[in-house]
Amino acid sequence: MKPQNPFIVSGYYSPEFFCNRKNEAARIINALENGRNITLFSIRRLGKTGLIDHVFYHLKTNKKFHLFYLDILPTTDLSGFINLFAATVLGKLESAPEKFIKKIGDLFAGIRPAISFDPYTGMPTLQINIQSTEDADKSLQKIFAYLKQTGKNIVIAIDEFQQIVSYPEKNVEAVLRTNIQRAAGINFIFSGSQTHILLSIFSQYGKPFYQSTEMVQLERIEKSEYSKFIISKFERGKKKISDSAAELILDICRVHTYYVQFLCNRLYGLKNNLITEPLVRETLKSILKENEAVYINYRNLLTDYQWKVLTAIAYEGNAKLITSKDFISKHHLGTPSSVHTAVKSLLEKEMVYKEQDDYFIYDVFLERWLESF
Ligand SMILES: Nc1ncnc2c1ncn2[C@@H]1O[C@H](COP(=O)(O)OP(=O)(O)OP(=O)(O)O)[C@@H](O)[C@H]1O
Ligand SMILES: [Mg+2]
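The shown structure was predicted, so the numbers you read here are calculated from the model rather than taken from an experiment. (Residues numbered from 1 in each chain as written. Chains lettered and ligands numbered in written order. Predicted model: local features only at pLDDT ≥ 70, side-chain atom pairs only at ≥ 80, totals over all residues.)

Draft legend 1. A look at the overall build of the protein chain. Each helix and strand counted, the protein chain has 15 helices and 11 strands in total. For the protein chain, the spread of C-alpha atoms along the principal axes amounts to about 65 × 55 × 40 Å. Contacts in the protein chain between residues far apart in sequence, at least 24 positions, make up 72% of those at least 6 positions apart. (Helix = DSSP H or I, 4+ residues; strand = E, 2+ residues; numbered from the N terminus. Contact = placed C-beta atoms within 7 Å.)

Draft legend 2. Geometry of helix α15 (residues 364-371). In terms of burial, α15 is a largely internal element, 6 of the 8 residues being buried. Taken together, the buried positions of α15 are Val 364, Phe 365, Glu 367, Arg 368, Trp 369 and Leu 370. Buried residues along α15 sit against α9 (243-252), α10 (257-268), α11 (277-301), α12 (304-316) and β11 (358-361). (Buried ≥ 20, exposed ≤ 12 C-beta atoms within 10 Å, placed from the backbone.)

Draft legend 3. Seen up close, the site of ligand 1. Near ligand 1 lie 20 residues; those nearest to it are Cys 19, Gly 47, Lys 48, Thr 49 and Gly 50. Elements represented by at least two residues in the shell around ligand 1 include exactly α2 (48-59) and α10. Looking at the shell around ligand 1, its residues break down into 7 nonpolar, 9 polar and 4 charged. (Near = placed C-beta within 6 Å. Nonpolar A, V, L, I, M, F, W, Y, C, P; charged D, E, K, R; others polar.)

Draft legend 4. α10, seen in detail. Here α10 is 12 residues long and its end C-alpha atoms lie 16 Å apart, about the 16 Å a rise of 1.5 Å per residue gives. All of the buried residues in α10 are Thr 257, Tyr 259, Val 260, Gln 261, Leu 263, Cys 264 and Leu 267. Each element contacted by the buried residues of α10 is listed here: α8 (223-236), α9, β9 (274-275), α11 and α15. (Expected span 1.5 Å × (residues − 1).)

Draft legend 5. Quick look at the sheet that holds strand β2 (residues 65-71). As summarised here, the arrangement of the 5 strands in space is β2-β5-β6-β1-β7, forming an open sheet in which the pairing is parallel. Looking at the sheet topology across the chains shown, the edges are occupied by β2 and β7 (214-217). Across the sheet, the mean angle separating the axes of adjacent strands is 15 degrees when strand polarity is ignored. The pairing of β2 with strand β5 (residues 153-159) spans 7 bridges and is classified as parallel. By the bridge assignment for β5, His 66 is matched with Ile 154. Lying on the sheet, helix α1 (residues 22-33) is in contact with β1 (38-41), β5, β6 (186-192) and β7; it crosses β7 at an angle near 165 degrees. Contacting β1, β2, β5 and β6, α2 runs over the sheet at an angle of about 165 degrees to β2. (Pairing = 2+ DSSP bridges. Axes fitted to C-alpha atoms, helices over the stretch in contact; angles between N-to-C directions.)

Shown next, in the form of C-alpha cells:
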C-alpha cells in the first residue's frame, strides 16, 4: 500500500518517495560490489539512514547479497554491541531454527552462550556473556567465522557508529578493527552524525581504523532537484505549488531534509489545492506555535547566557567569526572566551553545528522561532 502522503517523515518507503541521491547511492553500491567499506557521515537528519535503506532496497534485488542493519545508539558497552550484533546477524541465514542451534552450539562452545526463544516469532536468539576484552574478541571471531562459513556476500550497516567511543572498555576500536579485517567477503557501512568523532576513528593516523574505509560525506540534496521532487509530488496529488513557494520551503528549511519533508508533509495534508507563499508562511507559523512548549523547555535546559548566544546565532543566520568584536558588541555578549565556552557547550548538546567557519542551529524551526522575536 502506498503512503497517503508522499512526503515521508520517518523511515523509508521506496525510491518513488526518495529524492535523488543517485550519485551517492551509486558510489556506495560500487564500493560494496568491489569489496570496499564505507563510512557515511553528515549532520543529523540529512538522510544517512534513509540512504542506507535506499541502497539496501536496490541491493535486495541482487540475490548475491545478504544485508544486515544495526543501529547501535542504544548500546552502552562492548558487550551490548556484541549482543546486538549477534542478535542481528546470527540465525538469519538459516532455514530452520534447529540447524541454527546446532551450528551455534558447535561454534560457540567454550563461551557459554545462552539461547532463548523470541516469544512472538519462536526464533532462537543468543545471549553472550562477556566479561573481558578477550571474551569480546573471541565472540566476535566466532560470529565472523559463522558469517564466513555461510559463503555469502554480506553487507553489514552499523548506524550511529560514533557510539563506540563512549564504551568504557579499552581497545574497543582495535578489537573491532582486527575482527573486521579478517572478515573477507563481508563489507561494512559505518554511519554516523558526529563528524569529528568519525573522522578521528577513520582518518587519524595511528588509530586502528585509519584509512580502512572510503569516506562519503553526505551533503544537502541539490536545491533544484529537491524543488522538482516537491513540485512533482504535489502534482501527483492534484495539488499545485508554485516554483517560488517550493523555493521558499527550501529556504526556510535550509534544504535540511527532515525539515523540508516535515513542512511539505504538513502542506500536503491541508485541504488547499493551491500552495502559495503566504500559505507556506502560515503553516510554518502554526508549526512554531505547536512547538513552543518544546522550545521553552530548551531554554530551561540552557543557561541564560547560552540561550543568548544561541539567539545571536539564530539572528545572524550564520555566525561567522562569532568571537569577533563586531558580533560580540552587536549582541552584547561580553568576552570572546565566554562566547567560545558557550558555543562549545551548544555544540556538545547538538543544539548547533559547525560547517566550515559558520555555526548553524540544528533545528531550523527553532531558528525560525528565535528569529521571530
Ligand atoms: N532523499 C530523501 N528524500 C526524501 N526524504 C528523505 C530523503 N532522505 C531522508 N529523508 C527523510 O528525512 C528524514 C531524515 O532522514 P534520516 O533519518 O535518514 O537522517 P539521518 O541523517 O539518518 O539522521 P540522524 O543523524 O538523526 O540519524 C527521514 O524522515 C527520511 O524519511
Ligand atoms: Mg540516522
